[in-house]
Amino acid sequence: MLVLVAPGQGAQTPGFLTPWLDLPGAADRLAAWSDAIGLDLVHYGTQADADAIRDTAVAQPLLVAAGLLSASALADIGAPGAVAGHSVGEITATAFAGVLSEEAALGFVRTRGLGMAEAAAVTPTGMAALLGGEPETVLPHLEKLGLTPANVNGAGQIVAAGTAEQLAALEADKPEGVRRVVALKVAGAFHTHHMAPAVASLEEAAKSLEVSDPRFTYVSNADGKTVASGQDIVARLVNQVSNPVRWDLCMETFGELGATALIELCPGGTLTGLAKRALPGVKTVALKTPADLDAARALVAEHASA
């Protein structure tokens, strides 16, 4: 069973979209999306530096556009066994699953990025990945420091979020068993109460969306449950900006569904790394550049023939 997943914010790197523009129609699609949402995706995906694409209002639409471009390059993928996305990648998954049109998904993520950027500007906040340690030790330690476990990713990784002072205290006082604390390339404490102001703007934006039920099994990152109603999925998209991502539970669900392969859309790497540790035996392909498409197609063909 094949699972298709989309990465979240922090996966972007300068120039990562450049090779994708060589695919037929890619430049035209990006130009049209750029006009629709008022953001030059081609510039930010090919020429902008790391600081420019770290901006939440830029990074989020850029990641969804990249995911959709790479998904369209796998047009013959057929029906995957399940789809899911990490944080903003969940919006990519909704478009691939037919819950939202591509244009609607990009408009919604533009609103999301702007709202979250505005919320992040209120107080200096951020996020940091804790590598190693057991949840029963790490989670109480984060609570003691006033931090939120914003991403519980499984495979020995929890991402903490909070104020700059709280994150500095974490660096100085790591939980037992944690090898490293790695600051993430994001501009705020996403999936925490700090993002609550963005929820209202998303609730308003959701009212005008044309929503369909998903064509494929859809796994929500709120709790790892499968969701069959498009309206329920959109409601979860609204609420997830101020609530933790439970990618560990998503991977548990992939296992329960019988996943044997996983493809991560562009800019892939993070979620396949987690899957290799948490889902041993599951074959993975990360779409970093178009050069990875042949391996992805081979994996699709293998599962189609099976």
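Before reading on, note that the structure itself is shown above.
The rules behind these values
- Residues numbered from 1 in each chain as written.
- Predicted model: local features only at pLDDT ≥ 70, side-chain atom pairs only at ≥ 80, totals over all residues.
- Heavy atoms only, no water.
- Phe/Tyr/Trp six-rings, centres within 6.5 Å; stacked < 30°, edge-to-face > 60°.
- Helix = DSSP H or I, 4+ residues; strand = E, 2+ residues; numbered from the N terminus.
- Buried < 20%, exposed > 50% of the residue type's maximum accessible area, 1.4 Å probe, protein only.
- Pairing = 2+ DSSP bridges.
- Axes fitted to C-alpha atoms, helices over the stretch in contact; angles between N-to-C directions.
- Contact = heavy atoms within 4.5 Å.
- 1 Å grid on protein atoms, 1.4 Å probe; cavity = no way out; pocket = protein on both sides within 12 Å on 5 of 7 lines; lining within 4 Å.
- Points joined across faces, edges and corners; volume = space filled by probe spheres on them.
- Nonpolar A, V, L, I, M, F, W, Y, C, P; charged D, E, K, R; others polar.
- Salt bridge = Lys/Arg side-chain N within 4 Å of Asp/Glu carboxyl O.
- Parallel < 35°, antiparallel > 145°, perpendicular 65-115°, else oblique.
- Left-handed = near helix turned anticlockwise from the far one by under 90°.

1. Description of the packing of aromatic side chains
Summed over the entire model, instances satisfying the criterion amount to two aromatic pairs. A centroid spacing of 5.5 Å and a plane angle of 40 degrees characterise the contact between Phe-96 and Phe-216, whose relative ring orientation is tilted. Taken together, the positions of Phe-96 in helix 5 (residues 89-96) and Phe-216 in the loop between helix 9 (196-206) and helix 10 (230-239) put the pair 120 residues apart, joining distant regions of the chain. Judged by its relative accessible area of 14%, Phe-96 is buried. Between Trp-247 and Phe-254, the ring centres sit 5.8 Å apart and the planes meet at 80 degrees, which makes this aromatic pair edge-to-face. By relative accessible area, Phe-254 is classed as buried at 1%.

2. Some points on the environment of Ala-169
Checked against the element boundaries, Ala-169 lands in helix 8 (residues 164-172). Linking Ala-169 and Leu-145, residues 24 residues apart in sequence, is a C-alpha distance of 7.3 Å.

3. Describing the sheet that holds strand 1 (residues 2-6)
Pairing in this open sheet of four strands is parallel, and the strands run 2-1-7-8 from one edge to the other. Edge positions in the sheet fall to strand 2 (82-85) and strand 8 (283-286), since each has one partner strand and no second. Recorded for the sheet is a direction-independent mean angle of 15 degrees between the axes of neighbouring strands. Two elements, strand 1 and strand 2, share four bridges in a ladder whose sense is parallel. In the sheet register, Val-3 faces strand 2, and the bridge partner there is Ala-82. The strands that helix 5 touches are strand 1 and strand 2; relative to strand 2, the one it contacts most, it runs at about 150 degrees.

4. Points about the pairing of strand 4 (residues 148-154)
Taking burial as the measure, the seven residues of strand 4 include six buried ones, the bulk of the element. Between strand 4 and strand 5 (residues 157-163), which pair antiparallel in sequence order, lie two residues; one of them, Ala-155, sits at a positive phi of approximately 55 degrees.

5. Some thoughts on the layout of surface pockets
Within this model, the largest pocket holds a volume of roughly 580 Å³. Along the walls of the largest pocket sit 28 residues, with Gln-9, Gly-10, Ala-11, Leu-184 and Thr-270 positioned nearest its centre. Contributions of two or more residues to the lining of the largest pocket are made by strand 3 (125-132), strand 4, strand 5, strand 6 (178-183) and helix 12 (270-278). Sorting elements by how many residues they give to the lining of the largest pocket places strand 3 first, with three residues. Tallied by class, the residues present in the lining of the largest pocket amount to 14 nonpolar, twelve polar and two charged.

6. Details of the pattern of salt bridges
Going through the model one piece at a time under the given rule, you end up with seven salt bridges. Its salt-bridge partner being Lys-207, residue Glu-204 comes within 3.2 Å of it at the nearest N-O pair. Arg-236 is the partner of Asp-223 in a salt bridge, and the nearest nitrogen-oxygen pair spans 3.0 Å. Placement of Asp-223 in the loop between helix 9 and helix 10 and of Arg-236 in helix 10 is noted, with a sequence separation of 13 residues between them.

7. Quick notes on the packing of helix 6 (residues 102-120) against helix 9
For the pair helix 6 and helix 9, the least separation of the axes is 8 Å and the interaxial angle reads 160 degrees. If you check the angle between helix 6 and helix 9, you find them roughly antiparallel. Seen along the crossing, helix 6 lies across helix 9 with a hand that is right-handed. The segment helix 6 lies against helix 9, with Phe-108, Thr-111, Arg-112, Gly-115, Met-116 and Ala-119 engaging Pro-197, Ala-198, Ser-201, Leu-202, Ala-205 and Ala-206.

8. Looking at empty space enclosed by the protein
Evaluated as defined, the whole model comprises one cavity of 30 Å³ or more. Taken as a whole, the largest cavity spans an internal volume of roughly 40 Å³. Forming the boundary of the largest cavity are Leu-4, Val-5, Ala-6, Val-83, Ala-84, Thr-92, Ala-93, Phe-96 and Leu-265. Residue assignment for the lining of the largest cavity shows that the elements contributing at least two residues are strand 1, strand 2 and helix 5. Grouping the amino acids of the lining of the largest cavity by side-chain chemistry returns eight nonpolar, one polar and no charged.

9. Some words on the environment of Pro-267
By the element assignment, Pro-267 lies in the loop between strand 7 (261-264) and helix 12. A residue is classified by how much of its surface remains accessible, and Pro-267, at 9% relative accessible area, is buried. When the C-alpha atoms of Pro-267 and Val-64 are compared, they prove to be 9.8 Å apart, with 203 residues separating the residues in sequence. Residues in contact with Pro-267, not counting those within four places in the same chain, are Pro-7, Ala-11, Gln-12, Phe-16, Leu-63, Ala-66 and Leu-287.

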